[in-house]
Protein chains: 2
Amino acid sequence: MSDIHADGAVPGFGIDAIHEAARRLAGHVVRTPLLNSPMLDDLVGARVLVKAECLQLTGSFKVRGALNALLALDEDARRAGIVAYSAGNHGQGVAAAARLAGCPAVIVMPRTAPRIKVDNCRWWGAETVLYDPGTEDREEVARKILEERGMTLIPPFDDPRVMAGQGTVGLEIAEQAREMGLAPDTVLVNCSGGGLASGVITALDDAFPGLANHIVEPAGFDKMARSLATGRVCANPHPPDGLMDALSGPAAGARPLAVLRHYDVTGLTATDEEALAAMDTAHRLLKIVLEPGAAASLAALLSGKVDVRGEVVALVASGGNVDPAVFRRALAD
Amino acid sequence: MSDIHADGAVPGFGIDAIHEAARRLAGHVVRTPLLNSPMLDDLVGARVLVKAECLQLTGSFKVRGALNALLALDEDARRAGIVAYSAGNHGQGVAAAARLAGCPAVIVMPRTAPRIKVDNCRWWGAETVLYDPGTEDREEVARKILEERGMTLIPPFDDPRVMAGQGTVGLEIAEQAREMGLAPDTVLVNCSGGGLASGVITALDDAFPGLANHIVEPAGFDKMARSLATGRVCANPHPPDGLMDALSGPAAGARPLAVLRHYDVTGLTATDEEALAAMDTAHRLLKIVLEPGAAASLAALLSGKVDVRGEVVALVASGGNVDPAVFRRALAD
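Treat the numbers as computed from the prediction; the structure is a model and nothing was measured.

Calculation notes
- Positions within a chain are numbered from 1, following the residues in the order the chain's sequence is written.
- All chains are assigned letters beginning at A, and all ligands numbers beginning at 1, according to the order in which they are written.
- Totals for whole chains, interfaces and linings use all residues, but because this is a predicted model, local features are given only for residues with pLDDT of at least 70 and pairs of side-chain atoms are given and counted only at 80 or more.
- Heavy atoms throughout the structure, all of them, feed into the side-chain values; hydrogens and water do not.
- By definition, residues are in contact when any of their heavy atoms lie within 4.5 Å.
- Put simply, buried area is how much 1.4 Å-probe accessible surface two parts lose in total, over both of them, once they are put together.
- One side-chain nitrogen of Lys or Arg within 4 Å of one carboxyl oxygen of Asp or Glu is enough to make a salt bridge.
- Residues adjacent in sequence count toward polar contacts only when both atoms are side-chain atoms; beyond that, a polar contact is any pair of N or O atoms within 3.5 Å, and within protein one must be able to donate a hydrogen and the other to accept it.
- Each helix is a run of DSSP H or I of at least 4 residues and each strand a run of E of at least 2, with the numbering of both proceeding from the N terminus.
- Residue type decides the class: Asp, Glu, Lys and Arg count as charged, Ala, Val, Leu, Ile, Met, Phe, Trp, Tyr, Cys and Pro as nonpolar, and the leftover types, Gly among them, as polar.
- Exposure categories follow from relative accessible area, calculated using a 1.4 Å probe and restricted to protein chains: below 20% of the type maximum is buried, above 50% is exposed, and the middle band is partly exposed.
- Where each domain begins and ends is defined by an automated method or by a domain database.

*Asks:* So what's going on with the interface of chain A and chain B? Residues and values would help.
*Replies:* In this assembly, 27 residues from chain A lie in contact with 27 residues from chain B. Carbon and sulfur atoms supply 68% of the area buried between chain A and chain B, which totals about 2400 Å² over both sides. Among the residues of chain A in contact with chain B, M39(A), K287(A) and R328(A) are the three that bury the most area, contributing 28% of the side total. In this assembly, chain A and chain B are joined by 0 salt bridges. Scanning the region where chain A abuts chain B turns up 10 residue pairs in polar contact (both at pLDDT 80 or more). Listing elements by their share of the side of chain A that touches chain B, those giving two or more residues are helix 2 (38–44), helix 6 (115–123), helix 12 (272–286) and helix 14 (324–330) of chain A. Of the residues contributing to the side of chain A that touches chain B, the split by class is 17 nonpolar, 6 polar and 4 charged.

What follows is the structure, given as C-alpha cells:
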C-alpha cells in the first residue's frame, strides 16, 4: 500500500489514534466485561482473562472499528452515508454504526447470504443490496453505489481508523486487568485480515511492554502468520471450507501486517474440532456464547499450543454469532 | 418464625444490611454486567436491562448470600466452617464462599445427585456427604455434622444475611441503570424460596420508590404468590416435575414472605416451554447461557404476561448451570 511508510509506520494509526477512538466510541458501544473463571484457570494452569466481545452490540467487536471510521468522517460525508461489502459480522457492525450515528448505510451481500444476516442488517436500518456472486463482482457493485451516492466505503480491516477502533478492545483489557490488580504476560488474538490483532497488540504492548503476543488463525489458513514470515501480504491457499467463517477472509491486510511486523508476534492455529471444544468450555465455565472463529484463541490455549503455565493470559472472545446447528454440535454431553 | 416482628420486620435484614453486605462482598464476587440488546428491546417494546448473574462465580447469584452469611460469623465459627444441604446452585455457592473465605465447608447431597454437581462442590474444596434419600433424612444428616463439628448451617433463603447478600444484585442494578442514565419502572425477579426476590425488591424499591415489582415462578408451582395472597407460608402442591429445578424448592421462606408483604408484588408464572424459548432468545440476542429457572423472568416478559410497553424493565438472569441436553432442546433452528 502506497501510504505505508518505508519504516512500516501506518499513517493515521497508532496508540494515540486508539485513544482518540476510545473517546469517540465512549457511550456508544459496550464496555464488555473481562471475564475470569477459577475453573478455567485451573484447566489451563494460568490466570485467564477473557474479553467478552460476544456481549458487544451486534454480537462482535466489529461495530467499534466501523463507528470510529464513520465518526472520523466530515459532516457531509457522514450525511451521505457508508457502504460495506460483507455478509458477516463487519456488515452488521457497519449497519449498527450507521444507526448509532444517524446516517444511511448500504450493505452489499451475495444473494446466497443467510436470510438472518440480511434481516439483521435491515433491522439496524441499513439498505441491503444483493448481488449474484456467479455473474457480478461485489467490488464493482459497491463502486457504483459509492460513485452514484457519494457514500464512503468502510473496509473490514485494512484501514487505520478501523484498526484504531478495534484497538479499543485492547485499551479496555489493559484498564480492566489493572482494576483486577493484574498485568497480562501473554495475549492471544483471533486473526483474519488483522484489524483486531493489530489494534489490540498495539494497545496492550503500550500498556504492558514486552508482553508475549500471539495471533490465532484457522489451521491451514494462517495467511497472517505466513505474511509475517515472508514480509509480504499472503493469501489463503484455497477458499475456506471450515466452521471459522469469521477468520476466513481471503488475504491478510497490508496495514495490519505493517503494524504487526513491529512486534514479536507468534502465529498459532486451531482446528474446527478444537474450536468446537472451546465453545463448549466457554458455555460450561464462562456461560457465554462463542462462534467458532471467536473461540480460536481459547481453543489454542486449551489445546496447549502455547506454554502459559503460571502466567496471566488475556484473550479476545471476539463474537457470538453462530448458527444453532453448529452450537448444538459444540455441546458435549 | 418466632423472630419476625408483629409488624413483619425481619431482624437483621433491610436496606442497611444490604449495603453492609455489598461492602463485605466487594472484591470477592463479580460485579456482573447489566446487559441490554436493542433487538430484545424491539421484541419486548421496552428497554430491557438484564442482570447477568449467570456470569457470577459458580454460575449463579447464590455465592453472594452464602459469602455474606459466612463473613458475618465470628472468627471461631468461621474457622469451624459451614454446611449446606443442596444439590443445586446453593451448594456450589456455599462451597465457593468457603473457599473465598478460607474456611471448611460440607455439602450434604443425595446419593442420586448428578456427578457434575458433586464434582463442582469438591472442586471448590468442599467436603461432600452423600446420603440415601430413600432411608435417610437430609436435615438429620446435616444436624449431626453441625453438632459434631461445631459448624454453622447456611440456609438457602430463609436467613436475613443470605437475603441481604442476594440483595446486592439489586444495589448493582440500581447503580448500573443510573450509570446508563436510566431508572427502571418495573422489575421482574425469579422466585423460589424468595431470598433473591426479597433482597432485590428491597434494594430497588429503595433506589426507585414506586417501582412495579414482579416475582416469576414456574406455572403450577407459584408457592410464593399463593403465600402472598394468603399471608401464610405455602408449599407447592406436589414435587416438581419440570425443567426449572432452581425454582422448585418445596415451600416459600417465612422471612422472604414477611419482607415481600411490605411491597406491592405481582406474581407471574412461566411454563417450561416459555423458559426454553427465553433461553433461546438469550442465546441469540444476549449471547449468554441461562438455565431454565433463570430464564423465567425473561420468559414472562417475552410471553407478554405483563404490560411494559415503553418502560424501562430490569430483570435478573439468575444462573446458567444447565445440562447440555436441555440447552440443545432450547435452541430453535
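*Asks:* Explain the side chain of K51(B) residue by residue, including any values.
*Replies:* Residues and elements named next belong to chain B. With respect to the helices and strands, K51 occurs in strand 2 (residues 47–52). Polar contacts involving the side chain of K51 include one to the side chain of Q176, which spans 2.9 Å. With residues near it in sequence (within four places) discarded, K51 still touches R31, T32, P33, L34, R64, V169, E172, I173, Q176, L315, V316 and A317.

*Asks:* Would you mind going over the environment of V259(A) in detail, with residue names and values included?
*Replies:* Residues and elements named next belong to chain A. Inspection of the secondary structure puts V259 in helix 11 (residues 254–260). Of the residues examined, V259 reaches a relative accessible area of 6% and is grouped as buried. Linking V259 and A197, residues 62 residues apart in sequence, is a C-alpha distance of 9.4 Å. Setting aside its immediate chain neighbours within four residues, V259 contacts V10, F13, M163, S198 and T202.

*Asks:* Go over the domain arrangement of chain A with me, naming the residues and quoting the values.
*Replies:* Residue and element names in this part refer to chain A. Along its sequence, chain A is carved into domain 1 (15–61 + 159–330) and domain 2 (63–153). Its C-alpha centre places domain 1 at a distance of 24 Å from the equivalent point of domain 2. Carbon and sulfur atoms supply 56% of the area buried between domain 1 and domain 2, which totals about 1700 Å² over both sides. Interface area lost by domain 1 to domain 2 is led by R24, T58 and R161, which between them contribute 33%. Across the domain 1-domain 2 interface, the total number found is 2 salt bridges. For the salt bridge of R64 with E53, the shortest nitrogen-to-oxygen distance reads 2.6 Å. Across the contact surface, domain 1 and domain 2 share 11 residue pairs in polar contact (both at pLDDT 80 or more). Looking at the side of domain 1 that touches domain 2 element by element, the count peaks at 8 residues for helix 8 (residues 160–179).

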